[in-house]
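# An overview of the molecular structure
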Amino acid sequence: MDFLGIPLPVFMGQLLIGLINGAFYAVLSLGLALIFGLLNIVNFAHGALYMVGAFVAFLLLDYVGIGYWPALILSPLIVGAFGMVIERFLLRPIADLDHLYGLLLTFGLALLLEGIFRQVYGVSGETYAIPASLQGGFNLGFMFLPTYRAWVIVAAVIVCGATWFLIEQTRLGATMRAAVENADLVRAFGVNVPLLVTLTYGLGVGLAAFAGVLAAPIYSVNPLMGSNIIIVVFAIVVIGGLGSIKGAIASGFMLGLFEGLTRVFYPEASNIIIFVVMAVVLIVRPAGLFGKAA
Amino acid sequence: MKLMKTILMAGAATALATAANAQDGGGISNDAVKIGMILDMSGAYSALDGQGSVAAVEMAIEEMGGEVNGAPVELVSADHQNKADIGSNIAREWADQENVDLILGGANSGVGIALQEITSEKGVAYINNGAASNSLTNESCAPETGLHWTYDTDALSNGTAVAMVKEGNESWYFITADYTFGHNLQKTAENAVKENGGEVVGSVAAPFPTQDFSSFLLQAQGSGAQVIGLANAGTDTQNSVKQAQEFGIVQGGQKLASLLLFLTDVDALGLDAAQGLTLTTGFYWDQDEQAREWSAKFEEKTGSKPTMVQAGMYSSALQYLKAVEAAGTDDSKQVIAQLKTMPIEDAFARNGKVRADGLMEHDMFLAQVKTPDESEGKWDYYNIIRTIPGDQAFQSIEDGSCEAAKEMASGGEQSN
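Residues numbered from 1 in each chain as written. Chains lettered and ligands numbered in written order. Predicted model: local features only at pLDDT ≥ 70, side-chain atom pairs only at ≥ 80, totals over all residues.

As a further point, take the nonpolar core. With 228 residues, the main nonpolar core has Val27 and Ala54 of chain A together with Val57, Tyr314 and Ala317 of chain B as its most contacted residues. Examining the composition of this core, we find that 17 residues originate from one element, helix α1 (residues 8–39) of chain A, more than from any other. Each of two domains, domain 1 (30–151 + 287–358) and domain 2 (154–281 + 365–389) of chain B, supplies a minimum of three residues to this core. Leaving out residues up to four positions away in the same chain, Val57 of chain B has contacts with Ile35, Met37, Leu75, Leu104, Met313, Tyr314 and Ala317 of chain B. (Core = buried A, V, L, I, M, F, W, Y, C linked by C-beta atoms within 7 Å. Buried ≥ 20, exposed ≤ 12 C-beta atoms within 10 Å, placed from the backbone. Helix = DSSP H or I, 4+ residues; strand = E, 2+ residues; numbered from the N terminus. Domains from an automatic or database assignment. Contact = placed C-beta atoms within 7 Å.)

Our focus in this paragraph is the pairing of strand β11 (residues 278–281) of chain B. Residues and elements named next belong to chain B. Burial along β11 is two-sided: Thr278 and Thr280 and Leu279 and Thr281, pointing in opposite directions, are all buried. Here β11 pairs with strand β15 (residues 364–369) via four bridges, running antiparallel. Residue Leu279 lies in a different strand from β15, and its bridge partner there is Ala367. (Pairing = 2+ DSSP bridges.)

Counting residues at the interface gives 32 residues for chain B, matched by 30 residues for chain A. For the side of chain B that touches chain A, the secondary-structure elements that each account for two or more residues are β8 (199–206), α7 (214–222), α8 (235–246) and α9 (263–269) of chain B. Looking at side-chain class alone, the side of chain B that touches chain A contains twelve nonpolar, 15 polar and five charged residues. (Nonpolar A, V, L, I, M, F, W, Y, C, P; charged D, E, K, R; others polar.)

For residues that are not glycine, phi is negative in most cases, and the peptide bond is trans in most cases. Residue and element names in this part refer to chain B. Of note, the bond from Phe208 into Pro209 is cis; its omega dihedral lies within 30 degrees of zero at -10°. On the secondary structure map, Pro209 appears in the loop between β8 and α7. One non-glycine residue with positive phi stands out, namely Asn82, at about 60°. By the element assignment, Asn82 lies in the loop between β3 (71–79) and α3 (84–97). Despite not being glycine, Trp379 has its phi angle at roughly 75°, a positive value. Structurally, Trp379 can be placed in the loop between β15 and β16 (382–388). In this structure Trp379 comes out as partly exposed when scored by C-beta crowding, with 18 C-beta atoms within 10 Å.

A word on the domain arrangement of chain B. Residues and elements named next belong to chain B. Here chain B is partitioned into domain 1 (30–151 + 287–358) and domain 2 (154–281 + 365–389). Computed over C-alpha atoms only, the centres of domain 1 and domain 2 are separated by 27 Å. The partner domain 2 presents 20 residues to the 15 residues of domain 1 that form the contact. Taken together, the residues of the side of domain 1 that touches domain 2 sort by class into seven nonpolar, seven polar and one charged.

Residues and elements named next belong to chain A. With their axes 10 Å apart at the nearest point, helix α5 (residues 147–169) and helix α10 (residues 245–265) run at an angle of 165° to one another. With respect to each other, α5 and α10 are oriented roughly antiparallel. Where α5 crosses over α10, the handedness of that crossing is left-handed. Contacts between α5 and α10 involve Cys160, Trp164, Ile167 and Glu168 from the former and Ile245, Lys246 and Ile249 from the latter. (Axes fitted to C-alpha atoms, helices over the stretch in contact; angles between N-to-C directions. Parallel < 35°, antiparallel > 145°, perpendicular 65-115°, else oblique. Left-handed = near helix turned anticlockwise from the far one by under 90°.)

Following this line, the structure appears as structure tokens:
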């Protein structure tokens, strides 16, 4: 049985692969959207922090002997704390200046982090083994699905769902959103707004690190892994609607699928298809798919 | 005051005399032999090339005592960032203002071909070690100034692809890096497969660089080909090999052929993932005593064993300096002509000679990556299966398309 000239099993396989890549996009773009939506910072260091997340997992295993599962929690905590330090001491002093300064600062940070890891570890990358409990795979009939890839989808859905719930459905999330709308008023209610901002940035960065740990066993852990993915993730956030949590998650998965299909029908274009979609979306809906028009 | 003037004049006179001497006797321009390296110092190919290559050339200069015919040897290096325009600008500046006598080009065929054109136009000697594309000694050849040293796409295909087809792996599917190098490598490998009775059932061009190859691997799996040929390099190769294992492709009975695999790739992949891969290499640190000895020194200096590109850099710099010494000049055309008369033998090259078209023909090795059990430790990664003599590994001048070299050859015959 064929679908558009492609055997159906191959087609199904490609859809699934697209969804897996979409899971990475979703977690990364979620963090980025969170930071932009609540802090108004265009966090260009996001890709580098994703890379640092993967390296922390690698270092934990290599030097301390701490395995994958603890690293999945520890690495986001460590990198998230590092993110909070960045926010407190670097981003806060320039919070009142034009957005451009925040963008430049985080871009510089990204180059710095990448440079440090490149200097120490080179670019050929380090290996991180798939944890024993997630090795092997299932035969789905139309393809062999490695257990680890299935786990990536599950983990991404859980984390995205939990973050959405935190921001949209809890009191803490409501306070966060209120602080964006009117910081002075929220402060008048006795809420420590600067602390809230620092925590939010830490959360966004933690999400990047989480994606980094998820990626470590399937891609080689290397200093350039962040810069390879960050531009695509930015495009996804723009497509979803800048700052929209729901939009970031949905467009992450959707564009993963879209990219997967391009790899079958016209592979040469697979690294630009997301930008084509971005251009079209911006023409038709300038605020993005889920964004509110300004 | 008068005394001061006299001393100054005497000094100036001596300096002039020395300069004149150097021009008459040594023939070394600007009183120094200056080598410039243009290579990937920060990107996807910097691990197999980069700083290690600079260290290797430093070793060659030290071996010559830091000077040739009394003139000091100077070394500069720059990052081309895998962009042809950046590499070209550096080469122009070095040729026009810095009096660089030899440019050593590193990995990336796109940049490598651009440098060949500029050096040929400027009359600067040029030796490429990292670029694979065989067009450097075919349609883009510049036999009077430009040499291609370590390996090329023909040698890689004639090694790995031919060996695998002869073992009965006849149907092939290619995953190809979508730029000059990948297409070039796929084409030479396809020819090698077909000439030996195999068939090519399909191919897919993956953008460079790509992180996730699973989609392309599934297409290759779906093709039912016996061999999946990887016409890519560096981190692209690492990701494809690693993910092929994850998706059970090798366990499913298909074989992987990595057409270009470096020691650093195997190191990054680990033997668990890389074991059993067939590859072609121009150099392996453990190939013989001389190579082991030099590689040990290299490891002391850099902390790792050399890749074939790094060893090739050493060899080409050393032989160039020897040729300058023998020719008594650093004039690019005379030195290149001198190199073509010399047998090339050192820690890197076995049975080497520089051909009329600029190709340094030498023995290549067909190797297989060891299993974790076979390996005795870090860097002990290859079993050398056999030596491929230079004239079998590389394409002959007659089969190639370097017209200038063919004319030289036929012109030579007529005058005889």
